[in-house]
Amino acid sequence: MSASTMQRGPLVVLMINMFIAMLGIGLIIPVLPEFLKHFNAGGATAGYLVSAFGLTQFIFSPIAGEWSDKLGRKKLIVAGLALFSISNLLFAVADGLGMLYLSRFVGGIGAAAMIPSMMAYVADVTNEENRGKGMGMLGAAMSLGFVIGPGIGGFLAELGIRAPFYVSAGVGVVAMLISLFVLPETLSEAHRRQARSSQVKRENIFRQFAQSFRAPYLVLLVLIFTLTFGLANFEAIFPLFVDQKYGFNARDISILITVGALIGAVIQAVLIGKLLNKFGEKLMINLTFLLSAACLVLMLLSGNFWYVLGVTMLFFTFTSILRPAINTLLSKMAGEEQGFVAGMNNAYMSLGNIFGPAVAGILFDVHINIPYVLGAVILVASFGISSRWGRKDLRSKAGSQAA
């Protein structure tokens, strides 16, 4: 189903669901050190638990993207929320490391079911003119959930170390019920039947991944990976970094992340559509990659609370503009296979969520500054890749017009 104007009701429900999904990635971070003391586990386990979520998300995302074309967006969204609630409940009641890993694996499958289906849903209910605004609203919820998770987790932990996960599980159930009874399906039965009867068999995840290297939107997928890597790299070690380098406490960290996330999400929700329409996706992508890299370097220069708060706000703002800008371009290039392309989008994002925290944790033990230096280098390299791709695309368009 296509729409000439955005359907705001369904988008609001999607934004709530996306916020909950991304919340689960960040929620674990502030309570993890204390949590792991009960299991006599150290930093390596912390990094692996954060990355475990992204692993199953990566494996199942393309499969879920295909299923959303065949079964409908709504069923995958509801199923994803159910798995997500189960994941948080498992974490809350865990009495061993095995159950903690199981919880994160289940949560990753839930995110894989939800996120591609939500992106495809936005494409279903918008046209190209307002798709950027729709993706911006969904992206605002995604960024807000991802970066506000540690803040909420830190505050809820004052009620008990397991409280954040019980609360998240309960909210997930509420969101699932709202989706089940309120969210309309966007794909007609005829469309779903045609997708199910298609004789074209999709390859497994690893072959799909290999095939994406030949896709016209490969650069955009790579940029989704580098953006997610940079954001996950920043967030995974942020509490440790400002604690050890600048002496911030848990309340300071919660305020930094929560305020930074709120500012970034508001700017994204209010301005992203106007910015993309006025300046275009490619210019905004190039500019915000460069500015995000600068923020990572600035983070190393001073431990003044207000300075760090300002840099954190700017970093979250720039990265919250980046994601919907890239997603909008991807959606415009997807054609009739919105579910499939959204699945590959999510697979690359999952890779960033796998490697970002793991690499940051390893390098942090080598030297406290290295993760942010590496993050800045990767974001600058992303700017270079994006700029070169944009110039090549312009040349190819000029050539075709001349012909």
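All of these numbers come straight from a predicted model, not from anything done at the bench.

A. Representation of the overall build of the protein within the structure. The helix and strand tally for the protein stands at 14 helices and zero strands. The secondary structure elements of the protein, listed N-terminal to C-terminal, are α-α-α-α-α-α-α-α-α-α-α-α-α-α. Out of the 403 residues belonging to the protein, those deemed buried represent 57%. In the protein, the proportion of contacts linking residues at least 24 apart, taken out of those at least 6 apart, comes to 86%. With an accessible surface of roughly 16,100 Å², the protein has 67% of that area assigned to carbon and sulfur atoms.

B. Inspection of the nonpolar core at higher detail. Core analysis: the largest hydrophobic core is formed by 94 residues, its most contacted members being Leu14, Phe238, Phe241, Ile326 and Tyr372. Dropping the residues within four chain positions of it, Phe241 is found in contact with Tyr246, Met299, Leu300, Phe364, Ile368, Asn369 and Tyr372. With 14 residues, the next largest nonpolar core counts Leu27, Val31, Ala92 and Phe165 among its residues.

C. Highlighting helix 6 (residues 163–182). For helix 6, built from 20 residues, the straight-helix expectation of 28 Å at 1.5 Å per residue is met to within 8% by its first-to-last C-alpha distance of 28 Å. Among the residues of helix 6, those classed as buried are Ala163, Pro164, Phe165, Ser168, Ala169, Gly172, Ala175, Met176 and Ser179.

D. Up close: the side chain of Asn327. Turning to its location among the elements, Asn327 is positioned in helix 12 (residues 305–334). Filtering out sequence-adjacent residues up to four positions away, Asn327 remains in contact with Met119, Met135, Ile224 and Asn345.

E. Seen up close, the confidence of the model for the protein. Counting all residues, the mean pLDDT for the protein is 79, and 86% of those residues have values of 70 or more. Mean pLDDT values over the elements of the protein span from 67, in helix 7 (residues 189–197), up to 91, in helix 3 (residues 73–93). Predicted confidence is poor over residues 397–403, with pLDDT under 50, and the contacts of this stretch with residues over four places away or in other chains come to zero contacts.

F. Inspection of the environment of Asn130 at higher detail. Here Asn130 lies in helix 5 (residues 128–156). The exposure class assigned to Asn130 is buried, which follows from its relative accessible area of 15%. Along the sequence, Asn130 and Asn277 sit 147 residues apart, while their C-alpha atoms lie 9.0 Å from each other.

G. Structural detail: the packing of helix 9 (residues 218–246) against helix 11 (residues 281–298). Running from N to C, helix 9 and helix 11 point in directions that differ by 25°, and their axes come no closer than 12 Å. Here helix 9 lies roughly parallel to helix 11, going by the angle between them. Judged by the sense of rotation from one axis to the other, the crossing of helix 9 with helix 11 is left-handed. Packed against helix 9, whose contacting residues are Leu223, Thr226, Leu227 and Phe234, the element helix 11 presents Ile285, Phe289 and Leu296 at the interface. Across the contact of helix 9 with helix 11, the residue classes tally to six nonpolar, one polar and no charged.

The rules we used
Residues numbered from 1 in each chain as written. Predicted model: local features only at pLDDT ≥ 70, side-chain atom pairs only at ≥ 80, totals over all residues. Heavy atoms only, no water. Helix = DSSP H or I, 4+ residues; strand = E, 2+ residues; numbered from the N terminus. Buried < 20%, exposed > 50% of the residue type's maximum accessible area, 1.4 Å probe, protein only. Contact = heavy atoms within 4.5 Å. Areas by Shrake-Rupley, 256 points an atom, 1.4 Å probe, with all protein chains shown as cover. Core = buried A, V, L, I, M, F, W, Y, C linked by side-chain atoms within 4.5 Å. Expected span 1.5 Å × (residues − 1). pLDDT = per-residue confidence, 0-100. Axes fitted to C-alpha atoms, helices over the stretch in contact; angles between N-to-C directions. Parallel < 35°, antiparallel > 145°, perpendicular 65-115°, else oblique. Left-handed = near helix turned anticlockwise from the far one by under 90°. Nonpolar A, V, L, I, M, F, W, Y, C, P; charged D, E, K, R; others polar.

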